[in-house]
Amino acid sequence: MSPNNEDKGLIFDIQRFCIHDGPGIRTTVFFKGCNLRCYWCHNPESWDSRTVLSYYKNRCIGCGLCADACVNGCHEIAGQARNDGRGGDTQTRNDGGAHTRTIDRRRCILCGACVRACVAGALSMTGKLYDVGEVMGTVAADAPFYVDSGGGLTCSGGEPLLQSGFASRLLENAKTAGFHTALDTAGHVGYGAFESVLPHTDLVLYDLKCMDAELHKKVTGADNRLIIENLRRLSRDRAIVWVRVPVIPGMNDNLGNMRATAELLADMPNVARLELLPCHNLGSGKYESIGIEAGPGAALQPPDEDSMETLASAFTGAKYEVVI
């Protein structure tokens, strides 16, 4: 699928009743595909621009039906005799309840046969093509909540601007329906992608990981020059922006970084809010589910309240709202 396909978008989740993705109660649409690799990422299933197979071992009962269904022999289960699903006897697991299994993802063609065969819901395909009407059906269902709270639609990810054509059409439809619209982006894209969505976007949620270019490259895979330049261009285009800084212990949780961020934003009157977001590791289990080794982000602990207040002091006197 072309990243700028206007007819279909590859989406990995649609979450309703969100309260942290812009003002009010929102429906957040999570786009597949990301061109950064932040080691603390809590949505690693968004990285690949294709559908991926997810496996949740805590749900697996070791029945072997997935292995029977797989045409390429990608699934192997040990520790329990295979259950044919027709009421036949199943042997006791060798170690009182545990079984081991492997998935050869190199041979997987993502056909979904194993997912359809899995009676326990341990396997799923993460990423589905939607058209605008399908997404808007879910978004419109919560219209009364948007009216009462000032909420609406947020396009998030992943990086939604890697599918800027579909994102633009979706945001345009939401605006036509009278809903507030927001775009959540890391900003590491050509500015043409912004230009395609800005006419339909009320608010841009913009990530600033850290101000040091070399450190940024080390922890995300790319330096921050394009990101900062795009933020400056958004200011020139007078787009309303909420800047979001994920606070990552040992990476950007220092006053030097926060003061450099405050200095950058000082000449941007379009910045209405700055959010300091304490890291969490709630997504650490997702890495194993999609066959990726979890990095140091899995061991991160959120900074304490006093530390967050200290970091917020770097923005004292700012003309925008500062939120922890």
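Residues numbered from 1 in each chain as written. Predicted model: local features only at pLDDT ≥ 70, side-chain atom pairs only at ≥ 80, totals over all residues. Heavy atoms only, no water.

Undergrad: So what exactly am I meant to see when it comes to the environment of Glu76 here?
TA: Along the chain, Glu76 falls in strand β4 (residues 75-78). Taking the C-alpha atoms as reference points, Glu76 and Ile103, separated by 27 residues in sequence, lie 6.6 Å from one another. Not counting residues up to four positions away in its chain, the partners in contact with Glu76 are Thr100, Arg101 and Thr102. (Helix = DSSP H or I, 4+ residues; strand = E, 2+ residues; numbered from the N terminus. Contact = heavy atoms within 4.5 Å.)

Undergrad: Could you clarify how one ought to interpret helix α3 (residues 132-140) in this entry?
TA: Of the positions making up α3, those classed as buried are Val132, Val135, Met136 and Val139. Seen from one end, α3 has its buried residues packed into an arc of 100 degrees, which puts them on one side. Lining the buried residues of α3 we find β1 (8-18), β2 (26-31), β7 (128-131), α4 (143-149), β8 (152-156) and α5 (164-176). Its side-chain oxygen 3.1 Å from the backbone nitrogen of Gly133, Asp131 forms the N-cap of α3. (Buried < 20%, exposed > 50% of the residue type's maximum accessible area, 1.4 Å probe, protein only. Arc of directions from axis to C-beta. Polar contact = N/O pair within 3.5 Å; in protein donor to acceptor, adjacent residues only side chain to side chain.)

Undergrad: Even after reading the chapter, I still don't get the side chain of Glu159, so can you show me in this structure?
TA: Following the sequence through the fold, Glu159 ends up in the loop between β8 and α5. Buried within the structure, Glu159 lacks any salt-bridge partner; its nearest side chain of opposite charge belongs to Lys209, at an N-O separation of 7.1 Å. Among the polar contacts made by the side chain of Glu159, one reaches the side chain of Thr185 at a distance of 3.0 Å. When neighbours within four sequence positions are excluded, Glu159 is seen to be in contact with Phe31, Gly33, Cys34, Thr185, Ala186, Gly187 and Val189. (Lys, Arg positive; Asp, Glu negative; His and termini not counted. Salt bridge = Lys/Arg side-chain N within 4 Å of Asp/Glu carboxyl O.)

Undergrad: Sorry, what's going on with the packing of aromatic side chains here?
TA: Two numbers describe a pair of aromatic rings. These are the distance of the centres and the angle of the planes. By the definition in use, this model includes 8 aromatic pairs. Aromatic side chains Phe12 and Phe30 sit 5.6 Å apart centroid to centroid with 45 degrees between the ring planes, which places their arrangement in the tilted category. Placement of the pair is Phe12 in strand β1 and Phe30 in strand β2, with a sequence separation of 18 residues. Comparing Phe12 with Phe30 shows no difference in burial state: the two are buried. For the pair Tyr39 and Trp40, a centre-to-centre distance of 5.1 Å together with 85 degrees between the ring planes defines the contact as edge-to-face. The exposure class of Tyr39 is partly exposed, given its relative accessible area of 24%. Here the aromatic residues Tyr191, Phe194 and Tyr206 are joined through ring pairs into a cluster of three or more. Sitting over the ring of Tyr56, Arg59 keeps its end group 4.7 Å from the ring centre. Directly above the aromatic system of Tyr130 lies the positively charged group of Lys128, at a separation of 5.0 Å from the ring centroid. (Phe/Tyr/Trp six-rings, centres within 6.5 Å; stacked < 30°, edge-to-face > 60°. Lys NZ or Arg CZ within 6 Å of the ring centre and 35° of its normal.)

Undergrad: Where do I start with the sheet that holds β1 in this structure?
TA: Strands sit in the order β7-β1-β2-β8-β9-β10-β11-β12-β13 across an open sheet of 9 strands; the sheet is mixed. Each edge of the open sheet is held by one strand with a lone partner, namely β7 and β13 (321-323). Neighbour-to-neighbour, the strand axes of this sheet turn through a mean angle of 30 degrees, independent of strand direction. Pairing geometry for strand β11 (residues 241-247) and strand β12 (residues 271-278), over 7 bridges, is parallel. Counted as the bridge partner of Pro246 is Leu277 from β12. Strands β1, β2, β7 and β8 of the sheet are contacted by α3, whose axis makes an angle of about 85 degrees with β7. Sitting on the sheet, helix α11 (residues 305-312) touches β11, β12 and β13, and the angle it makes with β12 is about 150 degrees. (Pairing = 2+ DSSP bridges. Axes fitted to C-alpha atoms, helices over the stretch in contact; angles between N-to-C directions.)

Undergrad: So what exactly am I meant to see when it comes to the nonpolar core here?
TA: Nonpolar side chains in soluble globular proteins tend to end up buried together. Of all hydrophobic cores here, the largest spans 53 residues; its most connected members are Leu170, Phe194, Tyr206, Leu208, Leu234, Leu265 and Leu276. Considering each element in turn, this core owes the most residues, 5 residues, to α5. Residues within four places of Leu234 in sequence aside, it is in contact with Tyr191, Phe194, Leu198, Val204, Tyr206, Ala239, Val241 and Asn270. Membership of the second largest hydrophobic core comes to 15 residues, among which are Cys34, Leu36, Trp40 and Leu300. (Core = buried A, V, L, I, M, F, W, Y, C linked by side-chain atoms within 4.5 Å.)

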